Amino acid sequence: MRAKHIMTQDVATIRGSATVAEAVKLMRLKGLRCLIVEARHDGDAYGIVTETDIVSKVVAHGKDPKQVHIYEIMSKPCIVVNPDLDVEYVARLFASTGVWRAPVIQGELLGIISVTDIIMKGDFLEKPKLSFLQKELQKAISNARSVSSNCGADSKKAIEAWDLVDELEAEACFYGAPKSEKSARELFSDERKLANVS
């Protein structure tokens, strides 16, 4: 599942020059927790202003929301998500940056994705990434053995097939699969050596 499948398309934008009071009115009207700050021109970055920014930078300090502008409290440039990014990677991006929502952008603003979208719309319960990777790894090992038998273990096709196996093994370990003492490639190489000896 990708970001574009679970993102919220109803996104509200605001100018950086708007006041916090204007932002709060818009957030209340639309029932939103954040607003995307419009880019001023093609080379400019998008920004984001969240309810947390407003509470921690304006309300907590007793500032007048009619006197504070969005550009004073927004995050810019903000973390952005490609619409084709797998949801697991969006979750990893959020976890590593401490961000809880980000605009989905590909040339233009397409939507917004949040941790709530991941929890409520994601398919990680039905399709855990590790189970998927382990199945893909078994297919890749079978394919690499077949290519090695048909084209030769040192052929370019066989090397590419085993490289894919190595990548899938590494990614599966990242997601919590136990690391074996020897990789599938090393085990295959050992089998070939034993076959040549006997």
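Below, the discussion takes up the side chain of Asp 44. Looking at the element boundaries, Asp 44 is found in the loop between strand 2 (34–37) and strand 3 (47–50). Residue class for Asp 44 comes out buried when judged on its relative accessible area of 16%. Among the polar contacts made by the side chain of Asp 44, one reaches the main-chain amide nitrogen of Arg 40 at a distance of 2.8 Å. Those residues in contact with Asp 44, other than ones at most four positions away along the chain, are Ala 39 and Lys 76.

Strand order in the open sheet formed by 3 strands is 1-2-3, and the pairing between neighbours is mixed. Here the strands that pair on one side only, and so sit at the sheet edges, are strand 1 (13–14) and strand 3. Against the sheet, helix 2 (residues 20–30) engages strand 1, strand 2 and strand 3, with an angle of about 125° to strand 2.

Glancing now at the pattern of salt bridges. Applying the stated criterion to the full structure yields 13 salt bridges. Lys 139 is the partner of Glu 136 in a salt bridge, and the nearest nitrogen-oxygen pair spans 3.2 Å. Placement of both Glu 136 and Lys 139 in helix 7 (residues 129–151) is noted, with a separation of 3 residues, approximately one turn of the helix. Take Lys 139: its relative accessible area is 54%, and that puts it in the exposed class. Look at the salt bridges and you will find they share partners, linking Arg 40, Asp 44 and Lys 76 into a network.

Reading the values: rules and limits
- Residues numbered from 1 in each chain as written.
- Predicted model: local features only at pLDDT ≥ 70, side-chain atom pairs only at ≥ 80, totals over all residues.
- Heavy atoms only, no water.
- Helix = DSSP H or I, 4+ residues; strand = E, 2+ residues; numbered from the N terminus.
- Buried < 20%, exposed > 50% of the residue type's maximum accessible area, 1.4 Å probe, protein only.
- Polar contact = N/O pair within 3.5 Å; in protein donor to acceptor, adjacent residues only side chain to side chain.
- Contact = heavy atoms within 4.5 Å.
- Pairing = 2+ DSSP bridges.
- Axes fitted to C-alpha atoms, helices over the stretch in contact; angles between N-to-C directions.
- Salt bridge = Lys/Arg side-chain N within 4 Å of Asp/Glu carboxyl O.

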